[in-house]
Amino acid sequence: MLRDTLARPIRDLRISVTDRCNFRCTYCMPKEVFGREYQFLERAELLSYEEIVRLVRIFTGLGVEKIRLTGGEPLVRQELPRLVEALSAVPGLRDLALTTNGRLLSAQADALCAAGLRRITVSLDTLDDEVFKTINDVDAPVQAVLDGIDAAANVGLEPIKINAVIKRGVNDHTLVDLARHFHGTGHILRFIEYMDVGKTNGWRLEHVVPAREIIERINAELPLEPLEPNYPGEVARRWRYVDGGGEIGVISSISAPFCGACTRARLSAEGQLYTCLFATRGHDLRGALRRGATDEEISTMIASVWRGRDDRYSELRTAESLEREKVEMSYIGG
Ligand code: SAM
Ligand code: SF4
Ligand code: SF4
C-alpha cells in the first residue's frame, strides 16, 4: 500500500473545480486582493471534466476512496452535475461529496442529487444578516443559503453538514444562535477554527476561538456530551446534545492539529497536486496529462510525490512558518 514518510496512506482527494467565487469572504478572498483586476485562471487552464475523471481513476488505483469537490465556489463552474455523474460511476470510489457556500444551491440541488451526489457541506458562518454580509462582502443574505440547505434536504442529501468558521470579534458572538438554529434539525453543524491559510487574510492568533471555548459556550446553554469518532483519524471532534437534539463537531486545526492522521491530497483547478493545505508548491499533473503521459506514468508520478510527503504544517506551526509563501485556500481548494 502507498504510504508517505510518516506512514500515512492516501485516502481522500479534494478537487478544486474553479478558483472563482461569487463571495468575497474577508478571511478567504478579500476584495483588496481579489478585486476587478485580479487575474483568475482562463478556461483553457482549468482541468476539463474529462481530465478530472481520468485523474480520479488513477488516484483510486492508488488508494483514494473519497472525493470532495470544492473551490473557489464549485457551483459557479458550468455543468457541474455532468462531472458529478461521471465521478459517481468511477469504480472504487466510496464517497463523493461537495462543499459550497450555498448561494446557488437551491437552483442546483435537484440536478446534483440526480447526478449521484450523496453528501453535501454548506458553509454558513452566522445567522445574523449584518454579520454575514460583512463576511461575504457581496451583500448575500443568510436566507439564500438557508433556502439552499432546505432544497438539499428536500432532495434527500441528508444529513447535511454546515461549516462555520469562527473569527473572534467578527462572528463569535453569534455562534450559540447558530447552534440553537440547527439543534433538532438533523443537520450537523461543525465549527472550524480560523486558520492561517494563504497570505492575504491577515491571520493573527488572537482571531482564533479555540474549539474548547466554542464547546464551553454552547454547553452553557445547550448541554453537550462527547461522542466517539466515526472512524480513527476523523478530523472533527464530535459532541451530542444531552437532550437528543443531534450532534455537532469542532475542527481544531490550530489548537489541536491532526497531521498524524492526514490522508488527504489536493488538486488545484489547474491540475497542481498539493500534499498539504499549507504547501508552498504543487506538482504539475496537467502538464503530464497534456504531454500525453500514460495512466501508468501519471500514477508513478503521484506515487513518488506521496512517498516523499513529510508535511505536518499545523503541528510545526511557528512564527517563521507563518511568514512563508503559501497558496490561497480559494486556489488549492478548502
Ligand atoms: N466556496 C465554498 C465554501 O465556502 O464552502 C468551498 C470552498 S471554501 C475555501 C471551503 C471551506 O473553507 C469553507 O467552509 C470556508 O469557510 C473555509 N475557509 C476558508 N478560509 C478559511 C480560513 N482561513 N480558516 C478556516 N476555514 C476557512
Ligand atoms: Fe468563496 Fe468559499 Fe472562499 Fe467564501 S470561503 S470566498 S465562499 S471560496
Ligand atoms: Fe494535513 Fe497539512 Fe493540515 Fe497537517 S497541516 S492536517 S498535513 S493538510
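In this text, all values refer to a predicted model and were calculated from it rather than measured experimentally. (Residues numbered from 1 in each chain as written. Chains lettered and ligands numbered in written order. Predicted model: local features only at pLDDT ≥ 70, side-chain atom pairs only at ≥ 80, totals over all residues. Heavy atoms only, no water.)

A.B. asks: What is the right way to look at the site of ligand 1 in this model?
C.D. replies: The environment of ligand 1 is formed by 20 residues, the closest being Gly72, Glu73, Ser123, Met195 and Met329. The contact in question runs from an oxygen atom of ligand 1 to an N or O atom on the side chain of Tyr27, over 3.2 Å. Against a free-state accessible area of 550 Å², the protein chains account for coverage of 94% of ligand 1. Where the shell around ligand 1 is concerned, the elements lending two or more residues are strand E3 (95-100), strand E5 (161-166) and strand E6 (188-193). (Near = heavy atom within 4 Å. Polar contact = N/O pair within 3.5 Å; in protein donor to acceptor, adjacent residues only side chain to side chain. Areas by Shrake-Rupley, 256 points an atom, 1.4 Å probe, with all protein chains shown as cover. Helix = DSSP H or I, 4+ residues; strand = E, 2+ residues; numbered from the N terminus.)

A.B. asks: What is the right way to read the packing of helix H6 (residues 175-182) against helix H7 (residues 211-219) from this model?
C.D. replies: Describing two packed helices takes the angle between their axes plus the distance from one axis to the other. Running from N to C, H6 and H7 cross one another at 60 degrees; their axes reach a closest spacing of 9 Å. Relative to H7, the element H6 is oriented oblique. For the pair H6 and H7, the crossing hand works out as right-handed. Across the interface between the two elements, Leu175, Val176 and Ala179 from H6 touch Ile214, Arg217 and Ile218 from H7. (Axes fitted to C-alpha atoms, helices over the stretch in contact; angles between N-to-C directions. Parallel < 35°, antiparallel > 145°, perpendicular 65-115°, else oblique. Left-handed = near helix turned anticlockwise from the far one by under 90°. Contact = heavy atoms within 4.5 Å.)

A.B. asks: What am I meant to see in the site of ligand 2 here?
C.D. replies: In the vicinity of ligand 2, the residues found are Cys21, Phe23, Cys25, Cys28, Met29, Gly72 and Asn101. Looking at the shell around ligand 2, its residues break down into five nonpolar, two polar and no charged. (Nonpolar A, V, L, I, M, F, W, Y, C, P; charged D, E, K, R; others polar.)

A.B. asks: How should I be thinking about the side chain of Arg286 in this particular structure?
C.D. replies: Mapped onto the fold, Arg286 is located in helix H8 (residues 285-290). For Arg286, a relative accessible area of 18% puts it in the buried group. (Buried < 20%, exposed > 50% of the residue type's maximum accessible area, 1.4 Å probe, protein only.)

Worth remembering: the numbers are spatial, not functional.
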